[in-house]
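For reference, the chains in residue letters:
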2 protein chains.
Amino acid sequence: MSLQVRRREGPLSPETVKALVADLSARFGNRVVTSQAVREQHGHTTTWIANAPPDAVLFAEDREDVIDAVRICAQHDAPIVPFGVGSSLEGHVNALFGGLSIDFSRMNRVLAVHAEDLDCVVEPGITRKTLNAHLRDSGLFFPIDPGADASIGGMAATRASGTNAVRYGTMKDNVLSLGIVTAEGKFIRTASRAKKSSAGYDLTRLYVGSEGTLGVIVEVTLKLAGIPECISGGHCPFPDVRSACLTAIETIQSGIPVARIELLDTLMVQASNAYSKLTLPETPMLFLEFHGSEESVAEQSRRFAEIAEGNGGGPFAWTTNTEERNKLWQARHDSYWASFGLRPGAKAFATDVCVPLSRLAECVEQTQADVAETGLVAPIVGHVGDGNFHVSPLIDMSSREELERANAFGERLALRAIRMGGTCTGEHGVGQKKIPYLVAEHGEDALDLMRRLKAAIDPQNLFNPGKIFTA
Amino acid sequence: MSLQVRRREGPLSPETVKALVADLSARFGNRVVTSQAVREQHGHTTTWIANAPPDAVLFAEDREDVIDAVRICAQHDAPIVPFGVGSSLEGHVNALFGGLSIDFSRMNRVLAVHAEDLDCVVEPGITRKTLNAHLRDSGLFFPIDPGADASIGGMAATRASGTNAVRYGTMKDNVLSLGIVTAEGKFIRTASRAKKSSAGYDLTRLYVGSEGTLGVIVEVTLKLAGIPECISGGHCPFPDVRSACLTAIETIQSGIPVARIELLDTLMVQASNAYSKLTLPETPMLFLEFHGSEESVAEQSRRFAEIAEGNGGGPFAWTTNTEERNKLWQARHDSYWASFGLRPGAKAFATDVCVPLSRLAECVEQTQADVAETGLVAPIVGHVGDGNFHVSPLIDMSSREELERANAFGERLALRAIRMGGTCTGEHGVGQKKIPYLVAEHGEDALDLMRRLKAAIDPQNLFNPGKIFTA
């Protein structure tokens, strides 16, 4: 009697598309766009995963637009795929069964800043950099930083995190409440603005990380943090990846409240030197950032340097100079783009495992050995304070054999992390290509429970079909 | 077509109880107990809410026991109510429709401590004090402290928090993963031990705070924190509740990483002086605790004292002496019991609202005025760093009129908090008596979504019927 995710069989029929677009256009006029260029821009464009454009794109302007769009799509049994800025690496924005992409770029307002409560309410299309520019004078900031200037709605949908999750947590920890349009076209709020609550099921956390499969996010209430009095940053070279990982582990265990601690392997350092015009020694490297008072960041830096030295690393060069610090972190954030310099014309194969800290060094080492054996060009960067790292094989898309080799590598990597008590995705989400690993990670019964949740909330399978679950 | 929570009509028939007990006894022998005394001990005993004993109690010893118990209960369509230590204040352990109480006092083992990963795996029956005694030599501790020596399973089920949530978060933030027995009698784990994951729906957070209504918790993986180098504690008197609240708000806003910040109103201070043999000035009071290095706690204390002084409070008397500190916090933890001294023979009426910090002073003041107008004896304590406070009217249970007065007061309080953007329950859970407030807090459509989740996961309504939802 178990509830099942409704199966979709293929694209909408031309007649359905025509009727859908007619109804949408009647309601939204020229804010509904069906040109091929715009449709393709709203499919996946960031990795090797194939572009799957929607049948139409709606540029939504407010909550009522989304409610009406969901109702019209439901009438035509047409899928709905929310679109922020398209920075997903896992195909989330692909319209695998056609339907409507809802573009949130015009829903990018800050609705309220409650400085006293350390929170704010925003529309989902605002990006994190735009939000932080808006907040600058308040003394507050939104700390989650996945590198890309992603939309807040997309970050909530994928349970994003990034470089300073080690200190500030992930979107799970920083979303107070969501405004959602449900499959019935109703608007709900998942929680109040209270800092904590025990009033029923945690709908907020159910929607954070649900990848657009349970409803459409139209409002996000975020926790904010005080801008630190002082920020220091620096880099520290290591003889090998193991000693860098061990240093990260000991730093966390010793309770140093590090704000960022990022691993780059030798290949990644080489790529970053070339792309970002740095002159780092070409050896495994940790990039670090500390937040606190002036004395506190100095103390944290000193303690870190001691740990690094104990593991054969160093010297740790650090600075509180904003310009130098920004150059370093810009290079880290550009590492994805820098890696393409290692193999011009290639596409990236994104991976995203996360393991318990105690297994991190072992997991990275085994993975490096696997990369070498598989004959891939695959730099490594990692949020090593959380046990999360990215290996990104660069693929010549004209070689089917090479793609298969990368796929097999990706599968071994995911299963290795799962065997070590970890996860196939620390922050990117499941999207299209990690679906096969969920059984190994969760077991069939837990996965069945997730499927039942989906079926109970979205019986038509309107919302982002083909993501998280096969459709 | 919406899924509905299955309605239960009343107690099990005598024939069903007989057949159920026979099957349970055949499997579990004398670990199934049906004596009236034991059954009543497993109903609600902490507040004015009436005791509703189960038909039988099982003293479970391992996961397999729970799986078999769930299967046997499902065959007889008998409710299942998990029981930790019975410290719930909201009737969670009451068997409103009879059935089986599963007592977890014998499932109290520590299954693993992963010191490198700052986590541990425990059975749900272990209490927080027993766990912390076990951890003492590891340099780690489990920080969540609801006052009562509650079971970890019960704390997870109610999304408990308490005095140091302001620094360490709630159970939502400190449970990494749960082992659950589902309605089908299957064992699932809700997540891996990785520090973060984007691999599908957040089942962990769905079960944290689900009050036993979605399955039975049989294993809990908890985050641990390093024992602080130095802990200081102290108390600070204020001329009125407003100045104490404003001091709490400013302390949080200024970024002081206070570990505990607790309000006691004058009546509560009087009760605590009498019960805990203290000699505090009888005026509103904040109790505080700071964690950090020796310099850091001194610095935090100094900054707090300045803020208090600016609001007319002080002097702030603080100490790093463990014995003095423990005496103060024991008094705070005993405040619930101390309050009974204000009216011997009375029962407590527990309340638990939580509002955005910016509304805290206003909410406490309005509530004090309401207490005075209603003519209740009702001391106030509060986790004011989170905007959460407890007013506990003491009720003469022989007076129906008085109980009705307290009920009307409780309703006004809940709706006041909800109107201010808060919640009717910050940490105790919904249980039986807060069900009527959920529509005002969440709206009918969000509540319908919760009901669908319940129906999808527990179609028979086996698990703790009559809690969170009417049954």
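Everything that follows concerns the structure shown earlier in this document.
Each value, and the rule that gives it
Residues numbered from 1 in each chain as written. Chains lettered and ligands numbered in written order. Predicted model: local features only at pLDDT ≥ 70, side-chain atom pairs only at ≥ 80, totals over all residues. Least-squares fit on C-alpha atoms with pLDDT ≥ 70 in both. Helix = DSSP H or I, 4+ residues; strand = E, 2+ residues; numbered from the N terminus. Buried ≥ 20, exposed ≤ 12 C-beta atoms within 10 Å, placed from the backbone. Core = buried A, V, L, I, M, F, W, Y, C linked by C-beta atoms within 7 Å. Contact = placed C-beta atoms within 7 Å. Nonpolar A, V, L, I, M, F, W, Y, C, P; charged D, E, K, R; others polar. Pairing = 2+ DSSP bridges. Axes fitted to C-alpha atoms, helices over the stretch in contact; angles between N-to-C directions.

Some words on the relation of the copies chain A and chain B
Note on the copies: chain A fits chain B at an RMSD of 0.0 Å, the axial shift is 0.0 Å, and the rotation between them is 180°. A rotation of that kind, with that shift, is consistent with a two-fold axis.

Quick word on unusual backbone geometry
Residue and element names in this part refer to chain A. That bond from Gly314 to Pro315 is cis: its omega, -5°, falls within 30 degrees of zero. Mapped onto the elements, Pro315 comes out in the loop between helix H11 (294-310) and strand E15 (317-319). Positive phi values are uncommon outside glycine, yet Glu211 reaches one of about 60°. If you trace the backbone, Glu211 turns up in the loop between helix H8 (203-207) and strand E10 (216-223). In this structure Glu211 comes out as buried when scored by C-beta crowding, with 24 C-beta atoms within 10 Å.

Focus: the nonpolar core
If you look at the biggest cluster of nonpolar residues, it comprises 294 residues, and the most contacted ones within it are A:Cys245 and B:Cys245. Among residues more than four places away in sequence, those in contact with A:Cys245 are A:Leu263, A:Leu360, A:Ala361, A:Val364 and A:Val384.

Brief notes about the interface of chain A and chain B
On the chain B side, the residues contacting the 69 residues of chain A number 69 residues. Listing elements by their share of the side of chain A that touches chain B, those giving two or more residues are helix H7 (171-174), strand E9 (187-189), H8, helix H9 (241-253), helix H16 (438-442) and helix H17 (444-457) of chain A. Considering every element that reaches the side of chain A that touches chain B, the biggest residue donor is H17(A), with nine residues. Residues of the side of chain A that touches chain B, tallied by class, amount to 25 nonpolar, 27 polar and 17 charged.

Considering the sheet that holds strand E15 (residues 317-319) of chain B
By definition, the strands of a sheet pair up through backbone hydrogen bonds, in either a parallel or an antiparallel sense. All names here are of chain B. Sheet architecture is open: six strands sit in the order E15-E12-E14-E13-E17-E18, paired in antiparallel fashion. The sheet is open, and its two edges are formed by E15 and strand E18 (388-391), each paired on a single side. If you compare each strand with its neighbour and ignore which way they point, the axes differ by 15° on average. In the sheet, strand E13 (residues 260-264) pairs with strand E17 (residues 380-383) via three bridges, with the strands oriented antiparallel. Bridging across to E17, Leu263 finds its partner in Gly382. Lying over the sheet, helix H10 (residues 266-276) contacts E13, strand E14 (285-292) and E17, oriented at roughly 95° with respect to E13. Most of the contacts of helix H12 (residues 322-333) go to strand E12 (residues 230-237), to which it runs at about 60°, and overall it touches E12, E13, E14 and E15.

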